[in-house]
Amino acid sequence: MSEQAKAVGVSDKMKAKDYITLGIFTVLFFAVVMVCIFASAATVVTFAFGSAIAAIPGGIIYMLMRAKVPKAGSVLLSGVVIGLIEFLIGAGWAVAVGFIAGAVIAELLARIGHYKSFWLNTIGYSVYMMFFALGTYLPMVIMTGYVDDMSTSNGVSAEYLTELHSFMNGTMVVIIAVVTFVAGIVGALIAKGVFKKHFQKAGIV
Amino acid sequence: MLVIDTRIKLLLFILINFMVFGLKDFILGSVCFFFICILSCLMGQKKIVLKYLIFYVVIAAIQQLCAFLPQAIETILSIFTLFIRVMIPVVLFASTFIATTKVSELIAAMYSLKIPRSITITFAMVLRFFPTFSEEIHNIYDAMKLRGIALSWKNVFTRPVLILEAIAIPIVMRSASIAEELSASAVTRGIDNPAQRTSFIQLKVHAKDWMVLCFFLVAFVVLFFCKYQIYGRI
């Protein structure tokens, strides 16, 4: 981490204070994402876009984390911790891997902008949420393949299979990923507005 | 009651994750679920096991009933129930894990596994902050009621932006000041000290821990062998 810090010209390494700040905002981020996912799971169709819904309020917290701790490794650290928690509550390893992979890319993007560029942080955030969406929904697509296996032995109608694939297939996941990406950008823009209206006056950022 | 070392529990957790996601077949998956139920029972979590067992049966029943529903609903519902059914064993073990592990034990295990201190501290922070967070939410909820913008359906639909602002802004403000206070307190107690950390909790791996791990490893191999026999692929 120290080499990275030198490379991007960020003078100081993260200290305990930064870890604590990141930890607290990670909880907020996690809570927002979870509430949105559970709320969206009320119907199956909105469930597919749960990550996109979560990306909008999550943007405020993500951008606040970047503003509070603009240091090397901060994005990656919160991504890894969220991945760990997702894993511990039993969300499956795919979600955890999605979060960590997204965090690596977001970290690299944020590094180019020295952790302070709004647009690079925004794109990083969108990519991060997109990988989270992939981690959540790709296992479901893989499961349709499993239904194929089952159907060959049980003699399920071909009609059923085509319908199944039309609902949950690669295209659907691409759509979900794109929608989540756009929602991420919208979330970051809202965050910018909220910062101006509330946090800058209060001296939080 | 069976007490398993935290590090072995983490290993088991990873193993169970792979097992559950590899075995989506109803019979093999149920066998796997059965093993996890027994383990949780042995670890003294009978209530949790019962809850998830009932849930599992209900979901499996819905899955079977799907065949009698119209095509469009059947398609969506069957994928949804399949996803939930596969997730239940993982969630069951996760609840058992959380119920039987103290935060300090988990942190001690993370230190002994040589996980970077940055991750351990942040992670510990997250676990510690969850109860504080729900307390804060309650306070904000009370304050909202006092100001006449209670969190009701009517308010959510008639003035959603105001409601969202009234929840989000105080939470963020409070969290920011809690972060300041906690870090001041932690720094005073020497969290930045780079020396080797000692722990009140002594972790030890006993023979019974290895036995449980070996049992699950054997189950892992046997179940995947069965799957290979049935489907001709892993």
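Remember, predicted model here, so these are calculated numbers, not experimental data.

A. Spatial organisation of the overall build of chain A. The number of helices and strands found in chain A is nine helices and zero strands. Mapped in sequence order, the helices and strands of chain A form the string α-α-α-α-α-α-α-α-α. Within the span of chain A, comprising 205 residues, buried residues form 57% of the whole. Once local pairs closer than 6 in sequence are excluded, the contacts in chain A between residues at least 24 apart make up 78%. On chain A, roughly 8,100 Å² of surface is accessible, and the fraction owed to carbon and sulfur atoms is 71%.

B. Spotlight on the interface of chain A and chain B. Each partner contributes residues to the interface: chain A has 54 residues there, and chain B has 57 residues. Overall, the association of chain A and chain B removes approximately 5,000 Å² of surface from exposure, summing both partners, and the carbon and sulfur fraction of that is 81%. Counting every contact that joins chain A to chain B gives two salt bridges. For the interface between chain A and chain B, the tally reads three residue pairs in polar contact (both at pLDDT 80 or more).

C. Layout of the environment of Ala94 of chain A. All names here are of chain A. Structurally, the position occupied by Ala94 is in helix α6 (residues 93-112). Given the relative accessible area of 18%, Ala94 is considered buried. Put simply, Ala94 and Gly83 are 11 residues apart on the chain and 9.4 Å apart in space, counted from C-alpha to C-alpha. Look past the residues within four positions of Ala94 in its chain and what remains in contact with it is Gly135 and Pro139.

D. Broad picture of the side chain of Asp18 of chain A. Residues and elements named next belong to chain A. Assignment of secondary structure puts Asp18 in helix α2 (residues 16-40). Relative accessible area serves as the criterion here: at 9%, Asp18 is assigned to the buried category. Not counting residues within four places of it along the chain, the set of residues in contact with Asp18 comprises Lys13, Val69 and Lys71.

E. Inspection of empty space enclosed by the protein at higher detail. All names here are of chain B. Scanning the model with the defined rule gives three cavities of 30 Å³ or more in all. Space inside the largest cavity adds up to approximately 50 Å³. Lining the largest cavity are Val20, Leu23, Gly29, Cys32, Tyr56, Arg85, Val86 and Pro89. Counting residues per element, the ones that place at least two in the lining of the largest cavity are α2 (26-42) and α4 (71-100). Per-element tally for the lining of the largest cavity: the top contributor is α4, with three residues. When the residues that make up the lining of the largest cavity are grouped by side-chain class, the tally is six nonpolar, one polar and one charged.

F. Main features of unusual backbone geometry. Unusually for a residue other than glycine, His114 of chain A sits at a positive phi of about 55 degrees. In this fold, His114 of chain A is placed in the loop between α6 and α7 (118-154). One non-glycine residue, Lys114 of chain B, adopts positive backbone phi at about 60 degrees. Within the secondary structure layout, Lys114 of chain B lies in the loop between α5 (103-112) and α6 (117-146).

G. Region of the structure containing the UniProt feature "transmembrane region" (unreviewed entry) in chain B. Residue and element names in this part refer to chain B. When the UniProt feature table is mapped onto this chain, "transmembrane region" (unreviewed entry) is found at residues 12-42, 49-70, 76-99 and 210-230. The distance from the first to the last C-alpha atom of residues 12-42 is 15 Å, and the span holds 90% helix and 0% strand. Taken end to end, residues 49-70 has its terminal C-alpha atoms 33 Å apart, with 77% of it in helix and 0% in strand.

H. Looking closely at the packing of aromatic side chains. All names here are of chain A. A complete count under the given rule lists 19 aromatic pairs over all chains for this structure. By the ring-pair criterion, three or more aromatic residues cluster together here, those being Phe29, Tyr62, Phe99, Tyr125, Tyr128 and Phe132. Above the ring of Tyr62, the side-chain terminus of Arg66 is found at 4.6 Å from the ring centroid.

I. Quick look at the state of the cysteines. Enumeration over the complete set of coordinates arrives at zero disulfides over all chains. Of the cysteine sulfurs around Cys37 of chain B, a residue in no disulfide, the closest is that of Cys41 of chain B, at 6.7 Å.

Thresholds applied
- Residues numbered from 1 in each chain as written.
- Chains lettered and ligands numbered in written order.
- Predicted model: local features only at pLDDT ≥ 70, side-chain atom pairs only at ≥ 80, totals over all residues.
- Heavy atoms only, no water.
- Helix = DSSP H or I, 4+ residues; strand = E, 2+ residues; numbered from the N terminus.
- Buried < 20%, exposed > 50% of the residue type's maximum accessible area, 1.4 Å probe, protein only.
- Contact = heavy atoms within 4.5 Å.
- Areas by Shrake-Rupley, 256 points an atom, 1.4 Å probe, with all protein chains shown as cover.
- Buried area = accessible area lost by both parts, 1.4 Å probe.
- Salt bridge = Lys/Arg side-chain N within 4 Å of Asp/Glu carboxyl O.
- Polar contact = N/O pair within 3.5 Å; in protein donor to acceptor, adjacent residues only side chain to side chain.
- 1 Å grid on protein atoms, 1.4 Å probe; cavity = no way out; pocket = protein on both sides within 12 Å on 5 of 7 lines; lining within 4 Å.
- Points joined across faces, edges and corners; volume = space filled by probe spheres on them.
- Nonpolar A, V, L, I, M, F, W, Y, C, P; charged D, E, K, R; others polar.
- UniProt positions renumbered as here; feature names shortened; annotations may be inferred.
- Phe/Tyr/Trp six-rings, centres within 6.5 Å; stacked < 30°, edge-to-face > 60°.
- Lys NZ or Arg CZ within 6 Å of the ring centre and 35° of its normal.
- Disulfide = S-S within 2.5 Å.

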